[in-house]
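Descriptive analysis of the structure
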Amino acid sequence: MTEDKLSYEEARKYLEKAEKKGIVLGLSVMEDLLGRLGNPEKGLRIVHIAGTNGKGSILSFMEQIFLSSGYHTGRYVSPALGTYESRFLIDAAPISQEWVCECVGKIQAAVKEMEKEGHPLPTIFEIETAMAFLCFQKAGVSVVLLETGMGGRLDATNVIEKPLLSIIASVSMDHMGVLGSHISDIAREKAGIIKEGCDTLLYPENSLETEQVIKEECRKKSSVLHKVDVSRIRIIEENENGSIFAYGRYKKLAIGLPGRHQIYNAVMAVEAVEIMKKWFCISEFQIEDGLRNTRWRARLEKISDSPLIYLDGAHNEDGAKKLAAFLKNQLKGRRILAVMGVLADKEYEKIAGQVLPLAQKAATITPDNRRALDGEILKQTALFYCPDVTFLGSPKKAIDWIKKEAGPEDAGIIFGSLSFMDQL
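As a convention, each chain's residues are numbered from 1 in the sequence order in which they are written. At least 70 in pLDDT is required for a residue's local features to be given in this predicted model, at least 80 for side-chain atom pairs to be given and counted, and no such filter applies to totals for whole chains, interfaces and linings, which use all residues. The side-chain values count all of the structure's non-hydrogen atoms but skip hydrogen atoms and water molecules.

**Here's the deal with the sheet that holds strand S11 (residues 250–255)**
In this scheme, strands are said to pair when DSSP sees at least two bridges between them. By definition, any uninterrupted DSSP run of H or I lasting at least four residues is a helix, any uninterrupted run of E lasting at least two residues is a strand, and each is numbered from the N terminus. Overall, antiparallel pairing links the 3 strands, which are arranged S9-S10-S11 in an open sheet. The open sheet has two free edges, formed respectively by strand S9 (233–239) and S11, since each of these has just one partner strand. Each neighbouring strand pair of the sheet contributes to a mean axis angle of 15°, computed without reference to strand direction. Pairing between S9 and strand S10 (residues 242–247): 6 bridges, direction antiparallel. Orientation is described by lines fitted to C-alpha atoms, with helices fitted over the stretch in contact, and by angles between N-to-C directions that extend from 0 to 180 degrees.

Rendered as structure tokens:
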């Protein structure tokens, strides 16, 4: 197989063309593609995470802990904000355009062989997952932090045979058309990343049905199940900028990601690293340092102090509940202005119902995305929960609208799909 030499523009055009094929769940095409690439995933030490919410935050905390400990990290982000290259992080920095060209060239050559032989061709997510493995192999990373795209059992990332650790984050209702209409169905899909004889770590605030599914899968796979003990968490301080808390022998852990749920995500990262100390040398100081250094875009990210404005990718009901809890607990007494934009396949009525009753004024936008829900339609739903709703149209108007409408003690929240956060 001769590798194709591509310019960056050619590589991106190839990826854009592949994106039009949509999503196809299953592992056979991914296994075929990786086999032709020399199975770059097989020499990597991988932490694999599935879940509805919190995956990115948990891996962000872990990434910074490993970096504070002197290890080289590779992280696959889905979805990613920023440049295209931000989907593939080496030591928390995006890969170069040159690496994109090199990886796409190898993949394009392999796909040509598959096409010539009459085999099914990979989707964009399968291509990008293969790119991630090639990049991490090339960089010689110490550990790979691998995030599923959707589900787990049939997700393209689930070709890995023996992860160091499987993590199940918060599981809730999302992608029901693909993953199932009941929480136990969705949990079963997520549980597909649990592997024979490998450790599993479960988020503490999951439903009883989810816990039962995970426990049963761990029993079948002889996997040791670990779970965060919330009784060992003692919150010292919570405010609009983050939290300070104790956990077990850790007497003072500080994080700059606001919201009670981020305390749980941080503790998940701590527990994950504790499990992985059998392979890595990491001190308590390095864990503290890593948590303190963690930042993660559009997860209650403060972008303005005056007026106070946050961005949050609350794109399902569970995420909206966590956002609402933050507004109630940390912005109590402030007048709230909310801007919402979502994709049409989301349960936007339930998302709006969690957050908009807390807002005195609201606005809707239409994300620049082919799957976007028209903001005019969203406005009609929003009026059920907030009496004063404006349709802004473009996401670019969101920040200016808040700054125009907000008083000095007011707070703004721009929330919904992560897809429009780069369009503000």
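Okay, back to it.
**Quick word on the layout of surface pockets**
The space that makes up the second largest pocket amounts to roughly 280 Å³. In the cavity and pocket records, a cavity denotes points on a 1 Å grid over the protein atoms alone where a 1.4 Å probe fits but cannot get out, a pocket denotes an open set with protein on both sides within 12 Å along at least 5 of 7 lines, and lining residues are residues with an atom within 4 Å of a point. Residue lining of the second largest pocket: 18 residues in total, with Arg75, Leu89, Arg295, Trp296 and Arg297 positioned closest to the centre. For the lining of the second largest pocket, the leading source of residues is helix H3 (residues 55–68), giving 3 residues. Note on residue categories: nonpolar means Ala, Val, Leu, Ile, Met, Phe, Trp, Tyr, Cys or Pro, charged means Asp, Glu, Lys or Arg, and polar means any other residue, Gly included. The residue inventory of the lining of the second largest pocket, partitioned by class, reads 8 nonpolar, 5 polar and 5 charged. Grid points are joined across faces, edges and corners, and a volume is the space filled by probe spheres set on the points.

**As for helix H14 (residues 398–405)**
Taken together, the buried positions of H14 are occupied by Ala398, Trp401 and Ile402. One side of H14 holds all its buried residues, which, seen down the axis, span an arc of 95°. Projecting away from the buried face of H14 at angles above 90 degrees are the exposed residues Asp400 and Lys404. Contact definition: two residues touch when any of their heavy atoms are within 4.5 Å. The inward-facing, buried residues of H14 abut strand S13 (308–312), strand S14 (336–341), strand S15 (361–365), strand S16 (389–393) and strand S17 (411–416). Three labels apply to residues, based on accessible area from a 1.4 Å probe with only protein chains included: buried if under 20% of the type maximum, exposed if over 50%, partly exposed otherwise in between. Starting at the helix axis, one direction is taken to each C-beta atom, and the arc is that of these directions.

**Description of the environment of Pro258**
With respect to the helices, strands and loops of the structure, Pro258 is situated in the loop between S11 and helix H9 (260–275). For Pro258, a relative accessible area of 4% corresponds to the buried category. Between the alpha carbons of Pro258 and Glu301 there is a distance of 8.0 Å; along the sequence they are 43 residues apart. Apart from the residues lying within four places of it in its own chain, the contact partners of Pro258 are Asn239, Glu240, Asn241, Gly242, Arg299, Leu300, Tyr310 and Phe326.

**Focus: the state of the cysteines**
In this description, the term disulfide denotes a pair of cysteine sulfurs within 2.5 Å. The full count for this structure, using the stated rule, is 0 disulfides. Here Cys103 is not cross-linked by a disulfide; its sulfur's nearest cysteine counterpart is in Cys135, at 3.5 Å. Between Cys198, a cysteine without a disulfide, and Cys218, which holds the nearest cysteine sulfur, the sulfur-to-sulfur distance is 10 Å. Residue Cys198 is classed as buried on the basis of its relative accessible area of 4%.

**Focus: the pairing of S15**
Each regular strand carries side chains that alternate between the two faces of the sheet. Taking burial as the measure, the 5 residues of S15 include 5 buried ones, the bulk of the element. Residue alternation in S15 divides its side chains into two sets, Lys361, Ala363 and Ile365 and Ala362 and Thr364, and both sets are buried. Bridge analysis of S14 against S15 gives 4 bridges, and the strand direction is parallel. Within the sheet, the bridge partner assigned to Leu337 lies in S15 and is Lys361. Handedness of a crossover is defined as follows: with both strands directed away from the viewer, a clockwise route from the first strand across the helix to the second makes it right-handed. Handedness of the crossover joining S14 and S15 through helix H12 (residues 348–355): right-handed. Alignment of S15 against S16, held across 4 bridges, turns out to be parallel. By the bridge assignment, Thr364 is partnered in S16 with Phe391. Viewed along the sheet, the connection from S15 through helix H13 (residues 375–382) into S16 turns out right-handed.

**Thoughts on unusual backbone geometry**
Put simply, Ser78 and Pro79 share a cis peptide bond, and its omega is -5°. Looking at the element boundaries, Pro79 is found in the loop between strand S2 (73–76) and strand S3 (88–90). A cis amide bond links Ser306 to the next residue, Pro307, at an omega of -5°. Of note, Pro307 is situated in the loop between strand S12 (301–305) and S13. Residues other than glycine seldom take positive phi values, yet Asp91 does so here, at roughly 50°. Relative to the elements of secondary structure, Asp91 occurs in the loop between S3 and strand S4 (93–94). A relative accessible area of 29% places Asp91 in the partly exposed class.

**Some words on the nonpolar core**
To qualify as a nonpolar core, a set must consist of buried Ala, Val, Leu, Ile, Met, Phe, Trp, Tyr and Cys residues joined through side-chain atoms within 4.5 Å. The biggest cluster of nonpolar side chains holds 43 residues, and the ones touching the most others in it are Met62, Phe66, Ile167, Met276 and Leu291. Only strand S1 (46–50), H3, strand S5 (143–147), strand S6 (165–168), S10, S11, H9 and helix H10 (284–293) provide two or more residues apiece to this core. With 10 residues, the single largest contributor to this core is H9. Setting aside its immediate chain neighbours within four residues, Leu291 contacts Phe61, Ile65, Leu253, Ala254, Ile255, Ala266 and Val270.

**As for the environment of Ala344**
Here Ala344 lies in the loop between S14 and H12. Residues Ala344 and Ala372, 28 residues apart in the sequence, show an inter-C-alpha distance of 5.3 Å. Apart from the residues within four sequence positions on either side, Ala344 is in contact with Arg371, Ala372 and Leu373.

**Points about the sheet that holds S2**
Overall, mixed pairing links the 8 strands, which are arranged S4-S3-S2-S5-S1-S6-S7-S8 in an open sheet. In the strand order of this sheet, the two ends are held by S4 and strand S8 (225–227), each with one partner. Direction of pairing for S2 relative to S5: parallel, over a ladder of 4 bridges. Counterpart to Arg75 in the pairing with S5 is Leu145. Sitting on the sheet, H9 touches S6, strand S7 (199–202) and S8, and the angle it makes with S7 is about 165°.

Taken by themselves, the reported measurements are silent on function.
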